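# Residue-level structural notes
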Amino acid sequence: MKSNFLQRAITGVLFVVVLVGCILYSPLSFGILFTIIGALSVHEFGHLINQSGEVQINKTITALGGAYLFLAVMGFCQSTIGAQVFLPYLALLLYLMITELYLKKKNPIGNWAFSMLSQLYVALPFALLNVLAFQYSSVTYNPILPLSIFVFIWLSDTGAYCVGSLIGKHHLFERISPKKSWEGSIGGGVFSIASSFVFAHYFPFMPIWQWAGLALIVVIFGTWGDLTESLMKRQLGIKDSGHILPGHGGMLDRFDSALLAIPAAVVYLYVLTLL
């Protein structure tokens, strides 16, 4: 038990250091890190789905698609290339559709559906980090917005665990995740919103109410993202999505909240520009 805790602690610290360091260091390190994370996450999703035995998707092609989508959106958001950068990606999606006509697999509709889901559910949210990093503020590269999403998620998870362990009594979603409580979720939300005041103080490119709103959006959609992956794992009959992070499971286990929180944050911030 002690060695497992130590393993989790070391992996957790290294994970945070690498993620924060790569986001803050430069656009290049940010791009390299999330291209790799996106590809590994899509590949892991394909592996999980294929384990069910009901469908068989091409893990390599879908993972390459996820990596390419991130780089394409990055280049487009930086205005280094036009919309034509998405043509190879569209060709890849067509390839995934057309090849099922010839492969004679038992469930082509399921293969199509889960291949597209790997891009919509996993690849696209990581690609949308580029919108936060390069498009929302006036600076060339703003690492604070993508970083804030992960900080809000981490504090929400930590706060939910601490508060839920102490006073959690009312189940949040017992059918899917019996350990989560309303008290823990509210406590996690308080932690995240409190941290948004710190972001507003040191990075005033958004007023405090917009920072607080962003934290609230991340908490709500991050919780739904966590529940979404829990539902998927429950249906597949597995505990962890993978074993790439010792003591912490797989990539999807670490980024499940972000897969819904990132798109929601992008929508929220662009809605603010319309007000």
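Rules of the game
- Residues numbered from 1 in each chain as written.
- Predicted model: local features only at pLDDT ≥ 70, side-chain atom pairs only at ≥ 80, totals over all residues.
- Heavy atoms only, no water.
- Helix = DSSP H or I, 4+ residues; strand = E, 2+ residues; numbered from the N terminus.
- Expected span 1.5 Å × (residues − 1).
- Polar contact = N/O pair within 3.5 Å; in protein donor to acceptor, adjacent residues only side chain to side chain.
- Salt bridge = Lys/Arg side-chain N within 4 Å of Asp/Glu carboxyl O.
- Patch = residues over 30% accessible without salt bridge, like charges linked within 9 Å, V, L, I, M, F, W, Y side chains within 5 Å.
- Areas by Shrake-Rupley, 256 points an atom, 1.4 Å probe, with all protein chains shown as cover.
- Axes fitted to C-alpha atoms, helices over the stretch in contact; angles between N-to-C directions.
- Parallel < 35°, antiparallel > 145°, perpendicular 65-115°, else oblique.
- Left-handed = near helix turned anticlockwise from the far one by under 90°.
- Contact = heavy atoms within 4.5 Å.
- Nonpolar A, V, L, I, M, F, W, Y, C, P; charged D, E, K, R; others polar.

## Digging into helix 3 (residues 59-77)
Spanning 19 residues, helix 3 covers 27 Å between terminal C-alpha atoms, matching the ideal 27 Å at 1.5 Å per step. In this structure asparagine 58 caps helix 3, since a side-chain oxygen of it lies 3.2 Å from the backbone nitrogen of threonine 60. Of the residues flanking the end of helix 3, it is serine 79, one or two places downstream, whose phi is positive at about 60°.

## Regarding the pattern of salt bridges
Under the counting rule described, the total for this entry stands at three salt bridges. Ionic pairing is found between lysine 233 and glutamate 229, a salt bridge with its closest N-O pair at 3.7 Å. Pair noted here: lysine 233 and glutamate 229 are both in helix 8 (residues 208-236), with a separation of four residues, about one helical turn. Across the pair lysine 233 and aspartate 253 runs a salt bridge whose closest N-O atoms are separated by 2.9 Å. Of this pair, lysine 233 sits in helix 8 while aspartate 253 sits in helix 9 (residues 251-272), placing them 20 residues apart in sequence. Taken together, the salt bridges that share partners define one network made up of Glu229, Lys233 and Asp253.

## As for a nonpolar patch on the surface
Taken together, the side chains of Phe197, Ile208, Trp209, Val267, Val271 and Leu275 define a hydrophobic patch exposed on the protein surface, amounting to about 650 Å² of accessible area. Looking at the nonpolar patch, the elements with two or more residues in it are helix 8 and helix 9. Note on placement: valine 267 falls in helix 9.

## Quick look at the packing of helix 6 (residues 144-167) against helix 9
Here helix 6 crosses helix 9 at 130°, and the two axes come no closer than 10 Å. As summarised for this structure, helix 6 and helix 9 are arranged oblique, according to the angle between their axes. The way helix 6 lies across helix 9 gives a crossing that is right-handed. Contacts between helix 6 and helix 9 involve Leu145, Ile149, Phe150, Ile153 and Asp157 from the first element and Phe255, Ser257, Ala258, Ala261, Ile262, Ala265 and Leu269 from the second. Of the residues assigned to the contact of helix 6 with helix 9, the class counts are ten nonpolar, one polar and one charged.

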